[in-house]
Amino acid sequence: MGQGRELPTTLTNEQVARRMVRIDRDPREGYVQALSEELSQTVFGQPAAMKSLARSVARFESGLSDPGRPLSVLFFLGPTGVGKTESAYALAEHLFQDRNSEQLKLINCSEFSERHTSLRLTGAPPSYVGYNDPPLITPDFLLNRNIILFDEVEKAHPQFHRTLLSIMDKANLKVKVKGQEENLNFSRSFIILTSNIGSDRLIDAQQGRQQIGFGREDRQDWDNQSIGVSALKEHFRFMPEFLSRIDEVIVFGGLGEREYGEIFWKFLREINNNLHERNPNAPRITTTVECRDWLLHKIDYSQGARGIRHEIDKHILEPASDLIMDGVVTKGATLVATVLDGQMSFCTDRINDVQRDVMLGIMTEGAEVYQGGKGTKVRRLGETMPQAYP
């Protein structure tokens, strides 16, 4: 309603039906659904979490959030390596068109496990170590809309949690800047807390549902939410006011085989993008589907998706770097990791002519093989490449 118009407080259903038009719309369409799908292109296997995150963004983008509080205060809860931190990067990509934007600040709360270390958030008082150091969050950072991620918040000292209360409730914090007290305003901040509290319960519940064939997705999301909130209340039972200032607890479930496969290809895309940003003539690195499956079976899933990156580094990037530095693979080549006889091998569509003559000898087309020091092979292909992710 326009400014100055009195808000009616005695409307009945009959009056509304007589004077107004009902808004009918499909909930599967619109801003929230579109944003949820956008975020799910980066964070795999968490549709309920992405829908909740999209609703929070819609609330402050529409101007309906409380101007006296942060834009939103969310608690991301779930096992390690399932997309909690990645969701913050995905949100930064949406808000700032840059997942590595300077307006995204990550704070590792395990560094504030002692009472005296928690003072770094506000600035140390005189006679304390770090008195002349700037506070962790500066006034300049808060001038523009921003995201502040407090990672593994349960590992911080209770004094750190009490300090956060002022930010979460009133969007302000008193800090020491060069010895002078200042008020920081967090009303343009998107506050995200992450934790893996209750992860064992979430994983056990998910495995139990899989064993009995429990397939109702909405019921599964409700169970995860109930388990997660219960674990949080138990952990913060001596500080209930902390949980009461959270706008929404978003629970992340464990990932499945399909999600790990999607994350594998995502990591490879990121590796190639970063490689070609530094060197446009760098080889393109990919794998066959069989090689991907072979690597995924070697992963320690207790670390979630982080284990995938470790296996890619160890089994693909390390030997690939040897081949590139030895000059075996030429500029602009495609290097495909595959599995032959239970061992990693590499194929390429181009090979250095000098290396071919000196190291391989003259061989027939499509049958050139390079035996590396670690048993790595490179095969020059003819017309076709192995089936690989594009």
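Along each chain, residues carry numbers from 1 onward, in the same order as the chain's sequence is written. Predicted model: local features are reported for residues with pLDDT of at least 70 only, side-chain atom pairs are reported and counted for 80 or more only, and whole-chain, interface and lining totals are derived from all residues. Hydrogen atoms and water are omitted, and side-chain values are computed over all heavy atoms in the structure.

(A) View of the overall build of the chain. Strands here mean DSSP runs of E at least two residues long; helices mean DSSP runs of H or I at least four residues long; both are numbered from the N terminus. When you go through the chain residue by residue, the secondary structure sums to 12 helices and 12 strands. Each residue is assigned to one of three classes by its accessible area relative to the maximum for its type, calculated with a 1.4 Å probe on protein chains only: buried under 20%, partly exposed between the two thresholds, exposed over 50%. Put simply, the chain has 390 residues, and 43% of those count as buried. Any pair of residues with heavy atoms lying within 4.5 Å of one another is described as a contacting pair. Intrachain contacts of the chain at a sequence separation of at least 6 include 69% that bridge at least 24 residues. Each accessible area value is a Shrake-Rupley result obtained with a 1.4 Å probe; residue values ignore everything except the protein chains displayed when judging cover. Carbon together with sulfur atoms contributes 48% to the accessible area of the chain, which is approximately 21900 Å² in total.

(B) Molecular detail of the packing of aromatic side chains. Classification of ring pairs rests on two measures: the distance between centres of Phe, Tyr or Trp rings, Trp counted by its six-membered ring, which must be within 6.5 Å, and the angle between planes, read as stacked under 30 degrees, edge-to-face over 60 and tilted in between. Evaluated as defined, the whole model comprises seven aromatic pairs. On the numbers, 6.1 Å between centres and 70° between planes, the contact of F150 with F160 is edge-to-face. Pair noted here: F150 is in strand β3 (residues 146-151) and F160 is in helix α5 (residues 158-170), with a separation of 10 residues, a long-range link. With a relative accessible area of 0%, F150 lands in the buried category. Above the face of the F141 ring, K105 is positioned so that its terminal group lies 6.0 Å from the ring centre. Seen from the ring of F267, R309 lies directly overhead, with NZ or CZ sitting 5.9 Å from the centre. A positively charged side chain is recorded as over a ring if its NZ (Lys) or CZ (Arg) lies within 6 Å of the ring centre. The angle to the ring normal must also be within 35 degrees.

(C) Expanded view of the layout of surface pockets. Of the two site types, the cavity is a set of points on a 1 Å grid over the protein atoms alone where a 1.4 Å probe fits but cannot get out, and the pocket is an open set with protein on both sides within 12 Å along at least five of seven lines, each lined by residues with an atom within 4 Å of a point. Grid points are joined across faces, edges and corners, and a volume is the space filled by probe spheres set on the points. For the second largest pocket, the calculated volume is near 470 Å³. Along the walls of the second largest pocket sit 24 residues, with G81, V82, G83, E86 and R306 positioned nearest its centre. Going through the elements one at a time, α4 (84-96), β6 (189-195), α9 (257-278) and α11 (306-325) are the ones with two or more residues in the lining of the second largest pocket. For the lining of the second largest pocket, the class distribution of residues is eight nonpolar, eight polar and eight charged. The nonpolar class holds Ala, Val, Leu, Ile, Met, Phe, Trp, Tyr, Cys and Pro. Asp, Glu, Lys and Arg form the charged class, and all remaining residues, Gly among them, are polar.

(D) Main features of the pattern of salt bridges. The term salt bridge refers to a pairing of a side-chain nitrogen on Lys or Arg with a carboxyl oxygen on Asp or Glu at a separation within 4 Å. The full count for this structure, using the stated rule, is 11 salt bridges. Where R145 meets E61, a salt bridge forms, and the shortest distance between an N and an O atom there is 3.3 Å. Here E61 lies in helix α3 (residues 47-61) and R145 lies in the loop between β2 (104-108) and β3, a separation of 84 residues in the sequence. With a closest N to O distance of 2.8 Å, K266 and E86 form a salt bridge. One end of the pair, K266, is in helix α9; the other, E86, is in helix α4, with 180 residues separating them in the sequence. Here K266 matches E86 in class, with each residue buried. Connected through shared salt-bridge partners, E86, R99 and K266 make up one network.

(E) Inspection of a nonpolar patch on the surface at higher detail. On the surface, a cluster of nonpolar side chains totalling about 260 Å² of accessible area is made up of L11, V16 and M20. For M20, the position within the fold is in the loop between α1 (13-19) and α2 (31-40). Two joining distances apply to patches: 9 Å for like charges and 5 Å for nonpolar side chains (Val, Leu, Ile, Met, Phe, Trp, Tyr), and every residue must have over 30% relative accessible area and no salt bridge.

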